[in-house]
Amino acid sequence: MDNYDAIVVGAGFSGLYMLHRLREAGLSARVYEVGDNVGGVWYWNRYPGARCDVESIYYNFTFSKELLQEWTWTSRYAEQPEILAYLNHVADRFDLRRDIQFDTRVVSAHYIEAAGKWRVETNDGRVAMAKYFISGVGCLSTSSTPRFEGLDTFGGEQYHTGTWPHEPVSFEGKRVGVIGTGSSGVQAIPQVARQAAHLYVFQRTAQYSTPAANRPYDREYVEGIKANYPAIREQVLKSWGGTTTRPRGDRCAFEDTEAERRNRYEQAWKEGGWMHGLYKDLVTDPRANETVGEFIRGKIREIVKAPEIAAKLAPTYLYGVKRPVMDTGYFETYNRDNVTLVDVKADPIVKITPTGLRTRDADYPLDAIIFATGYDAMTGALFRIDIRGKDGVSLRDKWSNGERIRTYLGLATAGFPNMFTITGPESPSVLSNMVWSIEQHVEWIDACIRHMEVNRIAVIEAKPQAEEAWSRHCHEVADATLFPKGDSWYNGSNVEGKKMSFPIYLAGISVYREICDRVAANGYDGFQQA
Ligand code: FAD
Ligand code: NAP
């Protein structure tokens, strides 16, 4: 049986940086990764059009000045191959691969109280022990395909955006169906439309999408950013979401006149990017929210030539309560002759057939189906591991399958000693620039582990009262916004039968960082240590 100081699951941004820090602390560590290489999301998501939607210059590590200086992004929103190349570069530069075991899934992790260690079993039947068990499994790493009747009978090609083949896929001359119009679908649809003989988009919920306004970076701009990075970092640390792309508005929507609001929205539409931060009440006041919702609907009506298609594409829910999407020519795609929009709310999907897809009212013959149907998010990858803490209690049961998540700071949970969750539920995670949130968590965990090693502490565990209070606070902050009011993967409503308490801390990354730092400075307040 192998023994390590720490076991880390996942070799995306989280696992790679965690491994680096553990090594720097002089600890032995093992990373297990299902894929055959590093990259996480960027290893799996190779669908056409995949790119980041946080600006490239912020969507990278900042822990190494040298790394920051030597890497140069080529466009505002880097494409998947470039981000994957970056993560491979990080792995090589810090010589990380030698401690990563690829093609290996962690199937269980049980805390053995008598030993004060985690017993971790992998799908190759091997067992390893470690004092620390650290999850870097990702919030969006378990793809979800609805259980459509007849799914297995389809004779054509099937893809999920989140597990795209590594070989080139051509849709040339084919009839292709895309199910799903979230960020993945919206990125893929314009690209697939250019290749396919005919593209059918099966849309359940219309999507608020705003232009990305992607552009190549010119060298001067990037050099300017690099020269200025310390100051930029300071600004980002004070921000709500982890970028300075568009500082959050300090006014309420109705403090401006209609014409001023319109100008502001027009300007933002031209610049590209999300719009929910333009006024400070857009995500708290439904009336304010409606002003930006109506602006985007107006844009859809302007872009899409056929009024009946524009009407189907116009979302009616509150803007921002589903994760807003950014696109490159998405709505324009519906002006193409080879694209058909099928509203599957009005005409639901009945089954997948051997030759295509059947809705209540029609049959669609297809050569390929792309499932852009998203993820069992936030808890999916954690629950696929049989994680058991003290007294054999499983994490899944403790959190009632997600309905009753309880964490302390999103980093730890009572009853699961020496276990840490990078970007775990109830941290800012997916409502922030995740690379910065990952860095913050990794550095906090690293400091906590060093504190334990220096002070010869064997066990650290969140106190139940501390996590109860954190969870309550997390919900109070969320309930003051519109976010929990929508159906989205944030609360699990995209997965049949799943229900989740709203699992994201919404006070912003700067407030959150201060709280975490204070906990550490106070000797890990809220944790019991032995
Ligand atoms: P991941 O990258 O998801 O890596 C987790 C890894 O753990 C995976 O490789 C997985 O195979 C492995 N794993 C899981 N379970 C096990 C197991 N049991 N055993 C072994 N290995 C396991 N965020 C942003 O901030 N900005 C963006 O622009 C952005 N774009 C995105 C685009 C897409 C298509 C997706 C899906 C997500 C995007 N995200 C974005 C969110 C993204 O999740 C984070 O930015 C970041 O990549 C997460 O890194 P991670 O290492 O925490 O998780
Ligand atoms: P998603 O946002 O959950 O979208 C899934 C889509 O599939 C939705 O349109 C959903 O409709 C539809 N769907 C699900 N089940 C269906 C069913 N049974 N029948 C018909 N339609 C169904 O997933 P995603 O697009 O993969 O994005 C997930 C997250 O990953 C994003 O929000 C973002 O955080 C990240 N991401 C980022 C980028 C980027 O730009 N950087 C790109 C991709 C992903 P409903 O809305 O009705 O549920």
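Small disclaimer: the values here were computed from a predicted structure and weren't measured.

**Observations concerning the pairing of strand S16 (residues 368–371)**
- Residues of S16 alternate between two faces, with Ala368 and Ile370 on one and Ile369 and Phe371 on the opposite face, all of them buried.
- Here four bridges tie strand S7 (residues 157–160) to S16, and the two strands are oriented parallel to one another. Bridge pairing in S16 places His160 opposite Phe371.
- Two elements, strand S8 (residues 175–179) and S16, share four bridges in a ladder whose sense is parallel. Following the sheet pairing, Gly177 is matched in S16 by Ile369.

**Side note on helix H5 (residues 183–195)**
- At Ile189, H5 is deflected by roughly 35°, the largest bend along its length, and proline Pro190 occurs up to four residues later in sequence.
- Among all positions in H5, only Ser184, Gly185, Val186, Gln187, Ala188, Ile189, Pro190, Val192 and Ala193 are buried.
- Considering only its buried residues, H5 is in contact with S8, strand S9 (198–203), strand S10 (209–211), strand S11 (325–327), strand S12 (339–343) and S16.

**Notes on the environment of Ala462**
- Mapped onto the fold, Ala462 is located in strand S19 (residues 460–462).
- Here the alpha-carbon distance between Ala462 and Gln529, two residues 67 residues apart in the chain, equals 8.9 Å.
- Not counting residues within four places of it along the chain, the set of residues in contact with Ala462 comprises Tyr408, Ala412, Thr413, Ala414, Gly526 and Phe527.

**A closer look at the domain arrangement of the protein chain**
- You can read the domains of the protein chain as domain 1 (2–141 + 376–529) and domain 2 (151–371).
- In this structure, domain 1 and domain 2 have C-alpha centres spaced 27 Å apart.
- With 51 residues of domain 1 at the contact, the number on the domain 2 side is 53 residues.
- Across the domain 1 to domain 2 interface the summed buried area is about 4500 Å²; carbon plus sulfur atoms make up 56%.
- Of all residues in domain 1, the largest losses of buried area upon contact with domain 2 belong to Tyr47, Arg76 and Leu482, amounting jointly to 17% of the total for that side.
- In this structure, the salt-bridge partner of Arg323 is Asp53, at a minimum N-O distance of 2.8 Å.
- When residues of the side of domain 1 that touches domain 2 are traced back to their parent elements, those giving at least two are helix H2 (41–44), helix H3 (65–70), helix H13 (434–454) and helix H15 (509–521).
- Looking at the side of domain 1 that touches domain 2 residue by residue, the classes come out as 23 nonpolar, 17 polar and 11 charged.

**Considering the site of ligand 1**
- Inspection of the region around ligand 1 gives 32 residues, with Ser14, Glu33, Asp53, Tyr59 and Met434 positioned closest.
- Between ligand 1 and Val54 there is a distance of 3.3 Å, counted from an oxygen atom to a backbone nitrogen or oxygen.
- Between ligand 1 and Met434, the relevant distance is 2.8 Å, taken from an oxygen atom to a main-chain nitrogen or oxygen of the residue.
- Breaking the shell around ligand 1 down by element, the ones donating at least two residues are helix H1 (13–24), H2 and H13.
- Sorting elements by how many residues they give to the shell around ligand 1 places H2 first, with three residues.
- Residues that form the shell around ligand 1 fall into these classes: 18 nonpolar, 11 polar and three charged.

Criteria and thresholds
- Numbering of residues starts from 1 in each chain and follows the order in which that chain's sequence is written.
- Note on labels: chains are lettered from A, ligands numbered from 1, in written order.
- With the structure being a predicted model, the display of local features is reserved for residues of pLDDT at least 70 and the display and counting of side-chain atom pairs for 80 or more, all residues being used for whole-chain, interface and lining totals.
- Side-chain numbers come from the whole structure's heavy atoms, not from hydrogens or water.
- To sort residues, take the accessible area from a 1.4 Å probe on protein chains only and compare it with the maximum for the residue type: under 20% means buried, over 50% means exposed, and anything in between is partly exposed.
- Elements are defined by DSSP. Helices are runs of H or I of four residues or more, strands are runs of E of two residues or more, and each kind is numbered from the N terminus.
- Strands pair, by our definition, only if DSSP identifies at least two bridges between them.
- The reported bend at a residue is simply the angle between two axes, fitted to the 7 residues ending at it and to the 7 residues beginning with it.
- Note on contacts: a residue pair is in contact if any heavy atoms of the two residues lie within 4.5 Å.
- The domain boundaries here were taken from an automatic or database domain assignment.
- Put simply, buried area is how much 1.4 Å-probe accessible surface two parts lose in total, over both of them, once they are put together.
- Salt bridges are counted wherever a side-chain nitrogen of Lys or Arg sits within 4 Å of a carboxyl oxygen of Asp or Glu.
- Polarity classes work like this: nonpolar for Ala, Val, Leu, Ile, Met, Phe, Trp, Tyr, Cys and Pro, charged for Asp, Glu, Lys and Arg, and polar for all others, with Gly in that last group.
- Nearness of a residue to a molecule or strand requires only that one of the residue's heavy atoms be within 4 Å of it.
- Any pair of N or O atoms that falls within 3.5 Å is considered a polar contact. Within protein, one atom must be able to donate a hydrogen and the other to accept it, and sequence-neighbouring residues count only if both atoms are side-chain atoms.

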